[in-house]
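Each chain, letter by letter, is given below.
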Amino acid sequence: MKTLNKLTITLGVVSMLAISCQNNKEKTPVPAQAAETNSIEAIKAKYNTNIPEKILTPDVVDTRIGTLKFFDGLPSDETVEKVYDNLDFMRGVETFLNGIPATSIEGLRLGLKDVGVTASNQVVIFNELMDSNPLFLTGNTSTVYATTFINLKENGPTVVEIPAGCGPGTLNDAYFRFVVDMGAPGPDRGKGGKYLILPPDYEGKVPAEGYYIAKSTSYVNWLILRGFLVDGKPDYSSNMFQNGLKVYPLKDKDKRPEMEFVDGSKQTFNTIHANDFDFYHELNDVIQREPVSFLDPELRGLFASIGIEKDKPFDPDARMKEILTDAVAVGNATARAITFKTREKESSIFKTGHWESGFIGGSYQWLKSDGKGGRFLDARTRFFYAATVNTPAMVLEMVGLGSQYAIAFLDAEGNYLDGSKKYSLNIPANVPAKDFWSVVMYDPQTRSELQTSQPLPSVNSQRSPLVKNEDGSVTLYFGPENSAPEGKEANWLQSVDGKGFFVILRLYGPLEPWFEKTWQPGDFELIK
């Protein structure tokens, strides 16, 4: 019996040891010394020479992600797991912030696809202007948009024929980089002409004359054209595009496909990238479609670090998906902070007031301090989270050409604009715009036009029956209900109770006083 008891006890101990070994079979054995916390002085004492403290790692380090533990600089298993989770999280956030230009273009492509535009000879045109139904990053209500996508991989070199009288037009690549301007700010200077767009890997012959030639860095490119109102109406520009705009492969110049126009006015569709996990799938689709040369190795490496790599499936495991779901949430919050409460002092257009520039740094290539500060990352994130179209015409001092923008997120006291409150905004006389000026209201959630009972949440110096003050200025009134003084009801723009809003002041054909800052709009003043 005693022998049997001893055998039973022995087997129990062996079983316990086996279970313990099984639970720790993937753990790196930790030396006994790791149980003790060695000070820097204790660590230095183990050397023959005086080792600089700045190159040593203590056994215990307290950080924002928790306590990190080491034995002689060797991280424990728990620390390794913790820092890798943090590394994947950080790279997930950075992928969101740096991937926005690509996913924004992809969002536009998918939105146009939803309304039937799947080929370059198919164009969405806003015959009755862009109202607040479509979700479109800070679109305007004052010009006639005509837009489509060009696929250079499918069609090869592609011709875009621009009609005479076209306003600002731009072609951007699949990372929202500038390719070429067309129309008024382009080399045709509004006289019309033929543009030949070459693929990034094209090495064939190029026509000697007859075209303005530009080579893109991507296969997919976004074409956006704008036409001005005539007598306050869109008819002229709508007809101009439908009769004069042609897009076709160069190889088909003698048998051009017939143009098809889809009216986007009053339609409901979305062109905005995702702010949840779907964002990474949108980015992956771009990476798979475009050539390797499309992005530099650093940016491509960042995306690959979370599993988005050309010619490989993006299929994160449960752990990685959980981390990236958290990362995209923090990335979205970060983009919103960068956009709506920037900490960049140079965002201010004027020395006083709260009007901000959309192009912080004044570079369409997003270079800081003429390149001395490298890429202005937050400026790029801010712009593409809230806006579209990248062109030098928006930042260069092109007097009488192109357009300039000023954004107001805050009132005179520095508070967010609140749709539950009432405000006034004074636009001084002699607005320095050769063509016209406008003010458009936007929704901070969608960064699209604010949806109210006014389908076009805006005023426009060409088409709005604005009532001027005695000094020639115009005072605009904002609020959920029309609280403008008697006789100035036409100067009211509706906000939504319980929602925020922001506005963009646009000057088309900006003149010297704008660039010299001798003309300045007022701030939003709270009406109590």
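Look up: the structure comes first, before these words.
What you see is a predicted model, and the numbers here were worked out from it, not measured in a lab.

Reading guide: rules and limits
- Residues numbered from 1 in each chain as written.
- Predicted model: local features only at pLDDT ≥ 70, side-chain atom pairs only at ≥ 80, totals over all residues.
- Heavy atoms only, no water.
- Helix = DSSP H or I, 4+ residues; strand = E, 2+ residues; numbered from the N terminus.
- Buried < 20%, exposed > 50% of the residue type's maximum accessible area, 1.4 Å probe, protein only.
- Areas by Shrake-Rupley, 256 points an atom, 1.4 Å probe, with all protein chains shown as cover.
- Lys, Arg positive; Asp, Glu negative; His and termini not counted.
- Charge placed at Lys NZ, Arg CZ, Asp CG, Glu CD.
- Salt bridge = Lys/Arg side-chain N within 4 Å of Asp/Glu carboxyl O.
- Pairing = 2+ DSSP bridges.
- Axes fitted to C-alpha atoms, helices over the stretch in contact; angles between N-to-C directions.
- Contact = heavy atoms within 4.5 Å.
- 1 Å grid on protein atoms, 1.4 Å probe; cavity = no way out; pocket = protein on both sides within 12 Å on 5 of 7 lines; lining within 4 Å.
- Points joined across faces, edges and corners; volume = space filled by probe spheres on them.
- Nonpolar A, V, L, I, M, F, W, Y, C, P; charged D, E, K, R; others polar.
- Polar contact = N/O pair within 3.5 Å; in protein donor to acceptor, adjacent residues only side chain to side chain.
- Phe/Tyr/Trp six-rings, centres within 6.5 Å; stacked < 30°, edge-to-face > 60°.
- Lys NZ or Arg CZ within 6 Å of the ring centre and 35° of its normal.
- Parallel < 35°, antiparallel > 145°, perpendicular 65-115°, else oblique.
- Core = buried A, V, L, I, M, F, W, Y, C linked by side-chain atoms within 4.5 Å.

**Side note on the overall build of the protein chain**
When its secondary structure is counted, the protein chain shows 10 helices and 22 strands. With the C-alpha coordinates aligned to their principal axes, the bounding extent of the protein chain is approximately 110 × 65 × 55 Å. Out of the 528 residues in the protein chain, the part that is buried amounts to 51%. Within the structure as shown, the protein chain displays about 25400 Å² of accessible surface, and the carbon and sulfur contribution to it stands at 51%. Separation between the mean location of the 55 positive side-chain charges and that of the 67 negative ones in the protein chain comes to 3 Å.

**What to know about the pattern of salt bridges**
Counting across every chain of the model gives 14 salt bridges. The shortest N-O distance in the salt bridge between Lys499 and Asp443 comes to 3.2 Å. Linking Lys499 in the loop between β20 (492-494) and β21 (502-510) with Asp443 in the loop between β17 (433-442) and β18 (458-460), this pair joins segments that are 56 residues apart in sequence. Salt bridges sharing common partners tie together Glu106, Arg109, Arg289 and Glu290.

**Quick notes on the sheet that holds strand β4 (residues 122-125)**
The strand order across the open sheet formed by 6 strands is β8-β7-β11-β5-β4-β13, and the pairing between neighbours is mixed. The open sheet terminates on both sides in strands that have one partner only, identified here as β8 (178-183) and β13 (260-263). For this sheet the average axis-to-axis angle between neighbouring strands, irrespective of direction, equals 20°. Two elements, β4 and β13, share 4 bridges in a ladder whose sense is parallel. Counterpart to Gln122 in the pairing with β13 is Glu260. Most of the contacts of helix α5 (residues 235-244) go to strand β11 (residues 220-227), to which it runs at about 140°, and overall it touches β4, β5 (144-151), β11 and β13.

**Brief notes about the layout of surface pockets**
Approximately 670 Å³ is the volume found for the largest pocket. In terms of lining residues, the largest pocket is bounded by 35 residues, among which Ser357, Gly358, Phe359, Met394 and Tyr405 are the most central. Only β11, α9 (377-386), β15 (403-408), β21 and α10 (512-516) provide two or more residues apiece to the lining of the largest pocket. Here the residues of the lining of the largest pocket sort into 18 nonpolar, 11 polar and 6 charged. Forming the boundary of the second largest pocket are 20 residues, of which Tyr175, Arg177, Gln365, Arg375 and Arg380 lie nearest the centre. At 3 residues, the largest contribution of residues to the lining of the second largest pocket is made by α9. When its residues are assigned to classes, the lining of the second largest pocket shows 9 nonpolar, 5 polar and 6 charged.

**Remarks on the side chain of Asn332**
For Asn332, the position within the fold is in helix α8 (residues 318-340). In this structure Asn332 comes out as buried when scored by relative accessible area, which is 15%. Of the polar contacts made by the side chain of Asn332, one reaches the side chain of Asn275; its length is 3.3 Å. Not counting chain neighbours up to four residues away, the residues in contact with Asn332 comprise Phe96, Asn275 and Tyr385.

**Considering the packing of aromatic side chains**
How two aromatic rings sit relative to each other is given by the distance of their centres and the angle of their planes. Here the structure, examined in full by the defined rule, presents 32 aromatic pairs. Each ring, one from Tyr195 and one from Tyr212, has its centre 4.9 Å from the other, and the planes form 40°; the classification is tilted. Note that Tyr195 is positioned in strand β9 (residues 193-198) and Tyr212 in strand β10 (residues 212-215), a separation of 17 residues in sequence. Residue Tyr212 is classed as partly exposed on the basis of its relative accessible area, which comes to 32%. A centroid spacing of 6.4 Å and a plane angle of 50° characterise the contact between Trp514 and Trp519, whose relative ring orientation is tilted. We note that Trp514, like Trp519, is buried. What links up through ring pairs into an aromatic cluster is the set Phe126, Phe136, Tyr145, Phe176, Trp222, Phe359, Trp366, Phe383 and Phe384. A cation over a ring is seen here: Lys341 above Tyr416, with NZ or CZ 4.9 Å from the ring centre.

**Brief notes about the environment of Pro291**
Looking at the element boundaries, Pro291 is found in the loop between α6 (278-289) and α7 (297-304). With relative accessibility at 12%, the residue Pro291 sits in the buried group. Along the backbone, Pro291 and Asn155 are 136 residues apart, and their C-alpha atoms lie at a distance of 15 Å. Every residue in contact with Pro291, bar those within four places of it in the chain, is listed here: Pro200, Thr217, Tyr219, Arg300 and Lys310.

**Brief notes about the packing of helix α3 (residues 77-114) against α6**
Helix-helix packing is described using two parameters, namely the angle between the two axes and the distance between the axes. Relative orientation of the contacting elements α3 and α6 amounts to 70°, with a least axis distance of 8 Å. What the angle tells us is that α3 and α6 run roughly perpendicular. Two secondary-structure elements touch here, α3 through Gly92, Thr95, Phe96, Gly99, Ile100, Ala102, Thr103, Glu106 and Arg109 and α6 through Phe279, Tyr280, Glu282, Leu283, Asp285, Val286 and Arg289. Here the residues of the contact of α3 with α6 are counted per class, giving 7 nonpolar, 4 polar and 5 charged.

**Notes on the nonpolar core**
Generally speaking, a soluble globular protein has its nonpolar side chains buried in company with each other. Within the largest apolar cluster, 66 residues are counted, with the highest numbers of intra-cluster contacts made by Phe96, Trp222, Tyr280, Phe303 and Ile308. Residues Tyr423, Val439, Leu450 and Val459 belong to the second largest nonpolar core, which totals 29 residues.

**Thoughts on the sheet that holds strand β3 (residues 74-75)**
One key point about sheets: their strands pair by backbone hydrogen bonds, in either a parallel or an antiparallel sense. Spatially, β1-β2-β3 is the arrangement adopted by the 3 strands of the open sheet, whose pairing is antiparallel. Taken across any chain shown, the strands that pair with only one partner, and hence form the sheet edges, are β1 (60-63) and β3. One ladder, built from 4 bridges, connects β1 with strand β2 (residues 66-71); its direction is antiparallel. Across the sheet, residue Thr63 finds its bridge partner in β2, namely Gly66. Packing against the sheet, α3 makes contact with β2 and β3, and its axis sits at approximately 130° to β2.

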